[in-house]
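Structure assessment
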Amino acid sequence: MKYQVQENCLTIFLPRELDHHNAEKIRRKSDRLIEKHHIKCVIFDFEETNFMDSSGVGIIVGRYKKVNCFGGTVYAVHANSRIRKIIQLSGLKQVLHVIE
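Attention in this report is confined to the structure presented alongside it. (Residues numbered from 1 in each chain as written. Predicted model: local features only at pLDDT ≥ 70, side-chain atom pairs only at ≥ 80, totals over all residues. Heavy atoms only, no water.)

1. Some words on the sheet that holds strand β4 (residues 41-45)
- As summarised here, the arrangement of the five strands in space is β1-β2-β4-β6-β7, forming an open sheet in which the pairing is mixed. The open sheet terminates on both sides in strands that have one partner only, identified here as β1 (2-6) and β7 (97-99). Each neighbouring strand pair of the sheet contributes to a mean axis angle of 20 degrees, computed without reference to strand direction.
- Sheet analysis places strand β2 (residues 9-13) next to β4, joined by five bridges and oriented parallel. Along β4, the bridge assignment pairs isoleucine 12 with phenylalanine 44. (Pairing = 2+ DSSP bridges. Helix = DSSP H or I, 4+ residues; strand = E, 2+ residues; numbered from the N terminus. Axes fitted to C-alpha atoms, helices over the stretch in contact; angles between N-to-C directions.)

Structure, rendered in structure tokens:
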């Protein structure tokens, strides 16, 4: 996974499959960066992602909770139709701003 920090914004470039195999690694690294750089904006870049399970949904909800208490926001970019459907069905649209 690749991460980019610009000012107080963290972009997480997600892998092809966002599942339980890589969720813990993403959680640890992103939490460390959020705390170190006082992140208020998290962008999940789904450009390479074709699959997301409940662990992926948990990653997004967890980062939302982490930055929301400081007035932060969470975004999704480059989500294909399959990922957008998962976002909608899982209720993530309530916490995640999808930019098309």
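After that view of the structure, there is still more to cover.
2. Considerations on the environment of glycine 58
- For glycine 58, the location among the structural elements is in helix α2 (residues 54-68).
- Since its relative accessible area comes to 37%, glycine 58 is described here as partly exposed.
- The sequence separation of glycine 58 and aspartate 45 amounts to 13 residues, and the corresponding C-alpha distance is 16 Å. (Buried < 20%, exposed > 50% of the residue type's maximum accessible area, 1.4 Å probe, protein only.)

3. Topic: the nonpolar core
- Counting residues in hydrophobic clusters, the biggest one holds 26 residues, and the most contacted among them are Phe44, Phe46, Met52 and Leu96.
- Going through the elements one at a time, β2, α1 (20-37), β4, α2, β6 (73-77) and α3 (81-90) are the ones with two or more residues in this core.
- Beyond its immediate stretch of four places on either side in the chain, leucine 96 contacts Phe44, Ile60, Val74, Tyr75, Ala76 and Ile87. (Core = buried A, V, L, I, M, F, W, Y, C linked by side-chain atoms within 4.5 Å. Contact = heavy atoms within 4.5 Å.)

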